[in-house]
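For reference, the chains in residue letters:
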Amino acid sequence: MSIQVVALNKKASFQYELKEKFQAGLVLLGSEVKSLRKGACQLKDSYISFIKEEAFLQKAHISPYKKARGGGHEPERKRKLLLNKAELKRIRGLIEQKKMSCVPTKIYFQKSRAKLEIALALGKSRYDKRQSLKKKQAEREMERALKR
């Protein structure tokens, strides 16, 4: 399987403790696919919302494709996620019962199909965020020391 990563949401792993990950397809317009192939996407402030029995990706910025007819697409429109009923039911149940959040972590192409990796996550407190920064710094220092 060849996977071509388009965009990562690094902020999600800092702000949340990622528990369980799912792979979802995306319903996109042609100009959005062209923009994704160029890498013109940001997942920084995006989130997953549920409307009726369907999941949607919101506030994900996919820049308009310049050569598209009619100006292309709206950059931050709602995009439907393609998940099966069992996954939708599981994700929605965990969000409602355990007060978890559903955040997008990365968008990529797998066998020429645009996919979105979403994760169920618990919010980190300030203390947890500081601890993860300290841990990262310690790992960097150890790597630097080993290189010397």
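Higher on the page you've got the structure.
Counting starts from 1 at the beginning of each chain's written sequence and moves along it residue by residue. With the structure being a predicted model, the display of local features is reserved for residues of pLDDT at least 70 and the display and counting of side-chain atom pairs for 80 or more, all residues being used for whole-chain, interface and lining totals. Calculated side-chain values reflect all of the structure's heavy atoms, with hydrogen atoms and water omitted.

Examining the overall build of the chain
Right, so step 1: Broken down by element type, the chain carries four helices and nine strands.
Right, so step 2: Runs of H or I in DSSP of at least four residues are treated as helices and runs of E of at least two as strands, each being numbered from the N terminus. Each helix and strand of the chain, ordered N terminal to C terminal, gives the series β-α-β-α-β-β-β-β-β-α-β-β-α.
Right, so step 3: Taken along the three principal axes of its C-alpha coordinates, the chain extends 55 × 45 × 30 Å.
Right, so step 4: For every residue, the accessible area obtained with a 1.4 Å probe (protein chains only) is divided by the maximum for its type, and the residue is called buried under 20%, exposed over 50%, and partly exposed between those limits. When the 148 residues of the chain are sorted by exposure, 34% land in the buried category.
Right, so step 5: Whether two residues are in contact is decided by their heavy atoms, any of which lying within 4.5 Å being enough. Across the chain, the fraction of contacts at a sequence separation of at least 24, relative to all contacts at a separation of at least 6, is 68%.
Right, so step 6: Put simply, the chain shows about 10200 Å² of open surface, and 48% of that area lies on carbon and sulfur atoms.
Right, so step 7: Each charge class in the chain was averaged separately, 38 positive and 15 negative side chains, and the resulting centres sit 4 Å apart. Using a 1.4 Å probe, the Shrake-Rupley method yields the accessible areas, and only the shown protein chains count as cover for residues. Here the positive residues are Lys and Arg and the negative ones are Asp and Glu; neither His nor the chain ends is included. To locate a charge, take atom NZ for lysine, CZ for arginine, CG for aspartate or CD for glutamate.

Topic: the sheet that holds strand β4 (residues 47-51)
Right, so step 1: Strand pairing is defined by DSSP finding a minimum of two bridges between the two strands. With respect to topology, seven strands assemble into an open sheet ordered β1-β8-β9-β2-β7-β5-β4, the strand pairing being antiparallel. Of all the strands in the sheet, the pair left with one neighbour each is β1 (3-8) and β4. Ignoring strand direction, the axes of neighbouring strands in this sheet form an average angle of 45°.
Right, so step 2: Of the pairings in the sheet, the one linking strand β8 (residues 101-110) to strand β9 (residues 113-123) comprises nine bridges and is antiparallel in character. Across the sheet, residue K106 finds its bridge partner in β9, namely E117.
Right, so step 3: Fitted lines through C-alpha atoms serve as axes, helices being fitted only where they are in contact, and the angles separating the N-to-C directions of these axes extend from 0 to 180 degrees. Against the sheet, helix α2 (residues 30-38) engages β1, β7 (79-82), β8 and β9, with an angle of about 80° to β8.
Right, so step 4: Helix α3 (residues 85-98) rests against β2 (16-26), β4, β5 (54-58), β8 and β9 of the sheet, and its axis sits at about 150° to β2.

Focus on α3
Right, so step 1: Take the residue count of a helix, subtract one, and multiply by 1.5 Å to get its expected span. The terminal C-alpha atoms of α3, which comprises 14 residues, lie 20 Å apart, in line with the 20 Å expected from a rise of 1.5 Å per residue.
Right, so step 2: Considered for burial, the residues of α3 that qualify are L88, I91, G93 and L94.
Right, so step 3: Among the structural elements, β2, β4, β5, β8 and β9 are those in contact with the buried residues of α3.
Right, so step 4: Taken from the residues just after α3, K99 is the one with a positive phi, measuring 55°.

Re the side chain of H73
Right, so step 1: Considering the arrangement of structural elements, one finds H73 in the loop between β6 (61-62) and β7.
Right, so step 2: A distance of 3.0 Å separates a polar side-chain atom of H73 from the backbone oxygen of I62.
Right, so step 3: Apart from residues lying up to four places away in sequence, H73 is in contact with L29, S31, E32, S35, I62, S63, P64, Y65 and R79. Nitrogen and oxygen atoms within 3.5 Å of one another constitute a polar contact, given that in protein one can donate a hydrogen and the other can accept it, and given that sequence-neighbouring residues count only through two side-chain atoms.

A look at the packing of aromatic side chains
Each aromatic ring pair is summarised here by two numbers: the centre-to-centre distance and the angle between the ring planes.
Right, so step 1: Note on ring pairs: Phe, Tyr and Trp rings are taken, using the six-membered ring of Trp, and paired if centres are within 6.5 Å. Classes follow the plane angle, with under 30 degrees stacked, over 60 edge-to-face and the rest tilted. Tallied over the full model, the rule gives zero aromatic pairs.
Right, so step 2: K106 extends its terminal NZ or CZ atom over the ring of Y108, reaching a point 5.5 Å from the ring centre. Here, a charge over a ring means that NZ of Lys or CZ of Arg falls within 6 Å of the ring centre while also lying within 35 degrees of the ring normal.

Concerning α2
Right, so step 1: For α2, the complete set of buried residues consists of S31, E32, S35 and L36. Taken end-on, α2 shows its buried residues confined to a sector of 140°, consistent with a single buried face.
Right, so step 2: For α2, the secondary structure elements touched by its buried residues are β1, β3 (41-42), β6, β7, β8 and β9. Here, the arc refers to the directions that run from the helix axis to the C-beta atoms.

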